[in-house]
Amino acid sequence: MQKAQFGMIGLGTMGRNLVLNMADHGFVVCGYDRNIDQQKRLLEEGKDKPVQATATMQQFVNSLETPRRIMMLVPAGKIVDAVIDEIKPFLQAGDILIDGGNSHYTDTDKRIARLESTGIHFTGMGVSGGEDGARFGPSMMPGGNADGYIELKPILEKIAAQTDEGACVAFIGNGSAGHYTKMVHNGIEYAIMQLISEVYALLKNAAGCNNDELHKIFTEWNNGALQSFLVEITAKIFLQPDNVDASKRLIDAILDRAAQKGTGLWTSVSALELHVPSAAIDEAVAARDLSSYKKEREIIDSYTSETTAINTTDKKQLILNLHDALYFGMAVSYIQGLHLLQTASDAYKYEINIAEVVRIWKGGCIIRSLMLNDIRKAYVSNSSLKNLLLDKDFYNLLEQKRNALVNSLKTGMDNKIAMPVLSSSLNYFDMFSTGRLGSNLIQAQRDFFGAHTYERIDKEGNFHTDWN
Ligand code: 6PG
């Protein structure tokens, strides 16, 4: 039998679809999964394609051409280490072992260090796009080292989503850069999803839009400046009939408790550690947490009998405002995520090319959007851009939309509709574009109670005052 060019360990939805995608492009692939049913499923779905499956790990490794290209798509955490321990004795220097799951970047660093002496290239790779992405074109973020990537490039570039600027895959940077970048991608994903849900709440509860109108609004938005995967699927969601009662829409039957697997939280923790303000992501995580207190929310809700809602009189204007408010919030989500990525790249010596990351996010991934074209332009013209707001054109674009956001927020506040990410986006923008803040008072207080000293606006040095 012809040796396989790529091996996959873990034939769940993502693993199976990725190798089928490779087989579609003519690559010979081999899959391994402890679960025999998963092996069978791969062979079934891959019949007529160059797809193999093996019963043992050793047979799996032997079925691959060298250097071996192997990806693990197994649940993040201990299982990844268990698979590494199992496969390591069969591998040799030069082989490439990819972890394609959502592993924490610090685990990836540890695994790289653990395998360093073996000469095995351990590659932490973020894969975005869900089931369809894996099958027909994901966005992939491989880190590790450039030598390992050379062996993967021809295959990954073929199976990735394709855009006007090429395949949605590139070597991201050293060590855990790939997993770090995917983590930030997910942080941005959390923020944008929360923004859309805030806009939905306003459209539904303040503007009184029904599901058909919501479908129409999001469809129209997706045909313009807000074009993005998340806006596109949102439009479709409103049309889905309820599978229990087909006369109703499914969206109205879904419990308002948002779950999470943790990547948004990881992004916030890392941002706080690196002192990069990323309140849109933090608020999105907090909003999911708050939503989970369903019982408590209902009890407290019952304390007020009267409803504060005042349906807006100018529905049309509110919809226009919300369009720009969503644009503003989405932009701030990218701004914060990319600022974090740039800072982490410097701190952890990843050497990430931000313009290149933005390019590979243009297709295949969950946060793909038209807006990324403008964002990419800014980073192409200045690769060391610390924060996108420093780009005057981009700043002006948001400044023009600020009023619409303010007016949307006023409507939300009047109607008691919480908008944590929309409002934090405004605060972020306003603070970042204010030359002199009120923070001098904090310095005075610190010096007052703790002699922590302060700096002055008119001369160098640290000063202390006896305030009493
Ligand atoms: C992707 C997604 C994916 C993520 C899910 C669920 O890029 O394809 O980011 O990797 O796991 O979106 O994440 P939560 O369960 O945390 O919402």
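Residues numbered from 1 in each chain as written. Predicted model: local features only at pLDDT ≥ 70, side-chain atom pairs only at ≥ 80, totals over all residues. Heavy atoms only, no water.

Caption draft 1: View of the overall build of the chain. Scanning the chain from terminus to terminus reveals 19 helices and nine strands. For 468 residues, the compact-globule estimate of 2.2 N^0.38 gives 23 Å, and the C-alpha radius of gyration of the chain, at 25 Å, lies within 12% of that figure. With respect to the three principal axes, the spread of C-alpha positions in the chain is 75 × 70 × 45 Å. Per-residue burial for the chain yields a buried fraction of 50% across its 468 residues. Considering only contacts within the chain whose residues lie at least 6 apart along the sequence, 69% involve residues at least 24 apart. (Helix = DSSP H or I, 4+ residues; strand = E, 2+ residues; numbered from the N terminus. Rg over C-alpha atoms; globule rule 2.2 N^0.38 Å. Buried < 20%, exposed > 50% of the residue type's maximum accessible area, 1.4 Å probe, protein only. Contact = heavy atoms within 4.5 Å.)

Caption draft 2: Region of the structure containing helix H10 (residues 229-237). All of the buried residues along H10 are Phe229, Leu230, Val231, Thr234 and Ala235. Elements in contact with the buried residues of H10: helix H8 (177-205), helix H9 (211-222) and helix H14 (315-347).

Caption draft 3: Main features of the pattern of salt bridges. Enumeration according to the criterion identifies 31 salt bridges in this entry. In this structure, lysine 401 engages aspartate 324 in a salt bridge whose closest nitrogen and oxygen atoms are separated by 3.9 Å. With lysine 401 in helix H17 (residues 392-414) and aspartate 324 in helix H14, this residue pair connects regions lying 77 residues apart in the sequence. In this pair, the class of lysine 401 matches that of aspartate 324, namely buried. (Salt bridge = Lys/Arg side-chain N within 4 Å of Asp/Glu carboxyl O.)

Caption draft 4: Structural view of unusual backbone geometry. Omega for the peptide link from threonine 66 to proline 67 comes to -10 degrees, which places this bond in the cis form. The backbone of glutamate 351 shows a phi angle near 60 degrees, a positive value even though the residue is not glycine. By the secondary structure assignment, glutamate 351 is in the loop between H14 and helix H15 (354-360). The exposure class of glutamate 351 is exposed, given its relative accessible area of 65%.

Caption draft 5: The domain arrangement of the chain, seen in detail. We note that the domain assignment places domain 1 (6-175), domain 2 (182-432) and domain 3 (438-468) within the chain. A separation of 38 Å is found between the C-alpha centroids of domain 2 and domain 3. (Domains from an automatic or database assignment.)

Caption draft 6: Spatial organisation of the site of the ligand. Neighbouring residues of the ligand: 14 residues in total, closest Ser128, Lys182, Glu189, Tyr190 and Arg288. Interatomic distance of 3.0 Å between a backbone N/O atom of glycine 129 and an oxygen atom of the ligand. Here the ligand has 420 Å² of accessible area as a free molecule, and 79% of this is covered by the chains. Among the cavities detected, the one that contains the ligand is the second largest pocket. Looking at side-chain class alone, the shell around the ligand contains two nonpolar, eight polar and four charged residues. (Near = heavy atom within 4 Å. Polar contact = N/O pair within 3.5 Å; in protein donor to acceptor, adjacent residues only side chain to side chain. Areas by Shrake-Rupley, 256 points an atom, 1.4 Å probe, with all protein chains shown as cover. 1 Å grid on protein atoms, 1.4 Å probe; cavity = no way out; pocket = protein on both sides within 12 Å on 5 of 7 lines; lining within 4 Å. Sits in = over half its atoms within 2 Å of the grid points. Nonpolar A, V, L, I, M, F, W, Y, C, P; charged D, E, K, R; others polar.)

Caption draft 7: Molecular detail of the layout of surface pockets. Its volume calculated, the largest pocket comes out at about 2000 Å³. What lines the largest pocket is a set of 41 residues, among which Ser197, Tyr200, Ala201, Asp256 and Ser291 lie closest to the centre. Sorting the residues of the lining of the largest pocket by element identifies H8, H10, helix H12 (279-291) and helix H13 (294-301) as the ones contributing at least two each. In terms of residue count, the dominant contributor to the lining of the largest pocket is H8 (ten residues). Across the lining of the largest pocket, the residue classes break down as 20 nonpolar, nine polar and twelve charged. Space inside the second largest pocket adds up to approximately 780 Å³. Met14, Asn102, Lys182, Asn186 and Lys261 are, among the 29 residues lining the second largest pocket, the residues nearest its centre. Among the secondary structure elements, those contributing two or more residues to the lining of the second largest pocket are helix H1 (13-24), strand E6 (121-128), H8 and helix H11 (263-273). The element that contributes the greatest number of residues to the lining of the second largest pocket is H8, accounting for six residues. (Points joined across faces, edges and corners; volume = space filled by probe spheres on them.)

Caption draft 8: Examining the nonpolar core more closely. Ranked by size, the top nonpolar core spans 89 residues in total, and within it Tyr180, Leu203, Phe218, Trp221, Trp361, Ile375 and Leu398 carry the most contacts. Among the elements that make up this core, the one with the highest residue count is H14 (16 residues). When residues are assigned to domains, this core turns out to be shared by domain 1 (6-175) and domain 2 (182-432), each giving three or more. Discounting chain neighbours no more than four positions away, the residues touching tryptophan 221 are Val199, Leu203, Leu226, Gln227, Val231, Ile319, Leu322, His323 and Leu326. One finds Val51, Met125, Ala134 and Ala167 within the second-largest nonpolar core, a separate group that totals 28 residues. (Core = buried A, V, L, I, M, F, W, Y, C linked by side-chain atoms within 4.5 Å.)

Caption draft 9: Seen up close, the packing of H1 against helix H2 (residues 36-45). Two numbers describe how H1 lies on H2: the axes approach to 11 Å, and their chain directions differ by 30 degrees. Of the possible angle classes, the one that applies to H1 and H2 is roughly parallel. Crossing of H1 against H2: the hand is right-handed. Contacts between H1 and H2 involve Arg16, Val19 and Leu20 from the first element and Gln38, Arg41, Leu42 and Glu45 from the second. Grouping the constituent residues of the contact of H1 with H2 by class yields three nonpolar, one polar and three charged. (Axes fitted to C-alpha atoms, helices over the stretch in contact; angles between N-to-C directions. Parallel < 35°, antiparallel > 145°, perpendicular 65-115°, else oblique. Left-handed = near helix turned anticlockwise from the far one by under 90°.)

Caption draft 10: Quick peek at the sheet that holds strand E3 (residues 51-54). Taken in spatial order, the seven strands of this open sheet run E3-E2-E1-E4-E5-E6-E7, and their pairing is mixed. Both outer strands of the open sheet, E3 and strand E7 (139-142), are each paired with one neighbouring strand and no more. Neighbour to neighbour, the strand axes of the sheet diverge by 25 degrees on average, direction disregarded. Judged from the four bridges that link them, strand E5 (residues 96-99) and E6 form a sheet pairing that is parallel. If you follow isoleucine 98 over to E6, its bridge partner there is threonine 123. (Pairing = 2+ DSSP bridges.)

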